[in-house]
Amino acid sequence: QVQLVEFGGGLVQPGGSLRLSCATSETIVSIHNMGWYRQAPGKQRELVALITSGGSTNYADSVKGRFTISRDNAKKMVYLQMSSLKPEDTAVYYCNLDKSRYGGMVYWGKGTLVTVSS
């Protein structure tokens, strides 16, 4: 069973920055796509950023230019650097590891809450 643990959430003022981290127990991280999703109160979970096994990235339009996803395969970590935060970025942020390309499952962490408020 693959485990994912997110940390780094918290309360930040509008315009501020925050860095989320996600640690995984997956043995070979480098071959899998990983991503960050978020779910705001009363809304569906949505993709925030994705990073492929090859290092390509994809972002939701709402975060382009403000958020940066990165990964460290040796440390089995994925990161989300968030800047110029807005109140609408308030949500629970989830880390995701996708093994479906190899016939496996998609795994999720339990999430970390980010609150953007003055």
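Residues numbered from 1 in each chain as written. Predicted model: local features only at pLDDT ≥ 70, side-chain atom pairs only at ≥ 80, totals over all residues. Heavy atoms only, no water.

1. Section: the pattern of salt bridges
Between side chains of opposite charge, a pair can form as their charged atoms come close.
Part 1 of the argument: For the structure on display, the rule yields five salt bridges.
Part 2 of the argument: The salt bridge partner of Lys99 is Glu26, with a shortest N-O separation of 3.1 Å. Pair noted here: Lys99 is in the loop between strand 9 (91–98) and strand 10 (106–108) and Glu26 is in the loop between strand 3 (18–24) and strand 4 (33–39), with a separation of 73 residues, a long-range link.
Part 3 of the argument: Across the pair Arg38 and Asp89 runs a salt bridge, and its minimum N-O distance is 2.9 Å. One end of the pair, Arg38, is in strand 4; the other, Asp89, is in the loop between strand 8 (77–82) and strand 9, with 51 residues separating them in the sequence.
Part 4 of the argument: Its relative accessible area of 6% is what places Arg38 among the buried residues. (Salt bridge = Lys/Arg side-chain N within 4 Å of Asp/Glu carboxyl O. Helix = DSSP H or I, 4+ residues; strand = E, 2+ residues; numbered from the N terminus. Buried < 20%, exposed > 50% of the residue type's maximum accessible area, 1.4 Å probe, protein only.)

2. Focus on the environment of Met77
Part 1 of the argument: By secondary structure assignment, the location of Met77 is in strand 8.
Part 2 of the argument: Remark: the alpha-carbon pair of Met77 and Asn33, spanning 44 residues in sequence, is separated by 12 Å.
Part 3 of the argument: Setting aside its immediate chain neighbours within four residues, Met77 contacts Phe7, Ser21, Cys22, Ala23, Arg71 and Asp72. (Contact = heavy atoms within 4.5 Å.)

3. Overview of the nonpolar core
Part 1 of the argument: Trp36, Leu80, Met82 and Tyr93 are the most contacted members of the largest nonpolar core, which totals 29 residues.
Part 2 of the argument: Elements that contribute at least two residues to this core include exactly strand 3, strand 4, strand 5 (46–51), strand 7 (67–72), strand 8, strand 9 and strand 11 (112–116).
Part 3 of the argument: The leading source of residues in this core is strand 9, at four residues. (Core = buried A, V, L, I, M, F, W, Y, C linked by side-chain atoms within 4.5 Å.)

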